[in-house]
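Analysis of the macromolecular model
The residues making up each chain are set out below.
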Amino acid sequence: MPREHPIVAENSLTGKKERVVPLEGSRVRMYVCGLTPYDAAHLGHARTYVGFDVIRRWLQHRGYGVLHVQNITDVEDKIIDRAMQTGDDPLLLAERNHKLAEEDFARLRILPPHLTPRVSEFIPQIVELIERLIARGHAYEGKGNVYFSVGSFPQYGALTHPNQEQMLEGVRKDVAEGKRGAEDFALWKAAKPGEIWWDSPWGKGRPGWHIECSAMSNTLLGATFDIHGGGMDLKFPHHENEIAQSEAATGQPFVKTWLHCGFLTVQGEKMSKSLGNFVTLRDALAKNEPEVLRLLFVSTHYRSRIDYSEAALAQSAVVVQRIRTALENVEHAKGKDGRSDVEEHRLLAQLDHAKQRFEQAMDNDFDTPGALAQLLEMVGVLNKMASHPVSRTALERGELQFRTYANVLGVLPGAKQSASAGAEQGLLDLLLQVRQEARLAKQFAISDKVRDGLAALGFVIEDSADGPRVRRT
RNA sequence: GGUGGGGUGGCCGAGCGGUUAGGCACCUGACUGCAGAUCAGGUUUGAGCGAGUUCGACUCUCGCCCCCACCUCCA
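Basis of the calculations
- Residues numbered from 1 in each chain as written.
- Chains lettered and ligands numbered in written order.
- Predicted model: local features only at pLDDT ≥ 70, side-chain atom pairs only at ≥ 80, totals over all residues.
- Heavy atoms only, no water.
- Helix = DSSP H or I, 4+ residues; strand = E, 2+ residues; numbered from the N terminus.
- Contact = heavy atoms within 4.5 Å.
- 1 Å grid on protein atoms, 1.4 Å probe; cavity = no way out; pocket = protein on both sides within 12 Å on 5 of 7 lines; lining within 4 Å.
- Points joined across faces, edges and corners; volume = space filled by probe spheres on them.
- Nonpolar A, V, L, I, M, F, W, Y, C, P; charged D, E, K, R; others polar.
- Phe/Tyr/Trp six-rings, centres within 6.5 Å; stacked < 30°, edge-to-face > 60°.
- Buried < 20%, exposed > 50% of the residue type's maximum accessible area, 1.4 Å probe, protein only.
- Lys NZ or Arg CZ within 6 Å of the ring centre and 35° of its normal.

**Points about the side chain of Thr-48**
If you trace the backbone, Thr-48 turns up in helix H1 (residues 43-61). In this structure Thr-48 touches Gly-230, Gly-231 and Cys-261, once residues within four positions along its chain are discounted.

**Comments concerning empty space enclosed by the protein**
All chains considered together, the criterion is met by two cavities of 30 Å³ or more. The volume enclosed by the largest cavity comes to roughly 100 Å³. What lines the largest cavity is simply Arg-47, Val-50, Gly-51, Val-54, Ile-55, Phe-297, Val-298, Thr-300, His-301, Tyr-302, Phe-366 and Thr-368. Per-element tally for the lining of the largest cavity: the top contributor is H1, with five residues. In terms of residue class, the lining of the largest cavity is built from seven nonpolar, four polar and one charged. In this structure, the second largest cavity encloses a volume near 40 Å³. Listed by contribution, the elements that provide at least two residues to the lining of the second largest cavity are strand S9 (225-231) and strand S10 (255-261). Taken together, the residues that form the lining of the second largest cavity break down as five nonpolar, one polar and two charged.

**Some points on the packing of aromatic side chains**
One pass over the structure, following the stated rule, counts eleven aromatic pairs. When the centroid spacing of 5.9 Å and the interplanar angle of 40 degrees are considered together, the rings of Tyr-140 and Tyr-147 count as tilted. Looking at Tyr-140, the relative accessible area reads 6%, which means it is buried. With a centroid separation of 6.4 Å and 70 degrees between ring planes, the pair formed by Phe-148 and Phe-153 is classed as edge-to-face. The pair Phe-148 / Phe-153 is uniform in exposure class, with both members buried. Ring-pair connections join several aromatic residues into one group, and the members of that group are Tyr-31, Phe-225, Phe-254 and Trp-258. Residue placement shows Lys-204 over the ring face of Trp-197; its charged tip is 4.1 Å from the ring centre. Directly above the aromatic system of Tyr-302 lies the positively charged group of Arg-303, at a separation of 5.4 Å from the ring centroid.

Given below as structure tokens:
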């Protein structure tokens, strides 16, 4: 259990930075609004989930036990529409897309949530919650639909402070059957012909949007929990309605800290399926290392907007390569185990300083750009350690520290295939040997021809004090 | 229109009432046959505009301009 609680985070509910102190011991209960998997996951989704992944990793690094629940909204209008078009079973369609998204997220090194509840698995809990809301006078049935009575919950709007007009404009016109207050929203929708349905005390139907998150979080995390997150766009009406449903049903505060991620934009516009300007995560992963995408995401604060572009991605790739090079330099330096000296102590002290500032940055509302700056500071120190060279012990200590913090951001690149295997490796070694001999004989035209030729084939040769190094592009 | 967030050096992007953010790009030097990597240093006397508070503001206050998001489904 952490001895103290150094982390502060900006709570969307209050707009202020608040100390993160778990409601119960050192255990943080976190609910993140997940995907509605009617289609492939795109980079915008990736941004949000990497954001919460880093938050979770930092909480864990600080000694908290995080229970991470992230739902899958597998019963929803868009899924039903899509399934109707293709003739698919809506639940199977959702499950299929979810599996694909899960694979993508895993490749992005996003830690899987501990629980991934589906709406279709929580129908009894949802029905029970709606019944409770009706019993408490916060909901009513009309023509097979059930609505939440916004008027019965005077505290409505704590998160986004919508005015009356907004609440009225915010309602959906197509589900107005049997509705009393224009600002009321659906908890249960009567089934239309051909739609998926479940039996309920109000007839055949399905849950409205919003209610599933209240039912699932209440069942899995309790009436009150620590952190609830999602994209900025979910604040209104989704999260506002969740608060109303949950607090009206339990009479207890719903969530202590609300965290919202900013958007990924393309040329200044939000990346979304409806705008058609999205890049699927799968495509992005086919063209970029996962660490490059993560680095792009963490180089901006989680609440800020990230403008996606090829140029930004290219810049991230350069930084990832810089990290990889530093680790390679350290690896090579380990072979020549130097002496501990004053310089070594100075470098270790610099490393320690960067570590402290990294921690300060992360403690301060998960300031990943600030933390990244310190991580790159460590890269510089590591390179100095590699060229000094210092003792093997110091190198190993430095490397371990660096890896620990790089892992918090999830930007530690995996080793690239150093070269190749079998006969190819033999040919490569032979060419390098011939090139070395040419260099020693000052036959630079020949040695450069070998280097250029190999570069064209994807093998970059870099000469160093202790021989040539091969890197694959 | 309402609500919320923001406008920082060529580009990306933080913190902070006075002390170098960091990266990318570019230039110079060291190292190298050259290149690359790395290190050292430098470039733009940074802060949308105007006014105010202050010994001092990029950081606080007010006004104006502009951008984005939410207000319909949305991560």
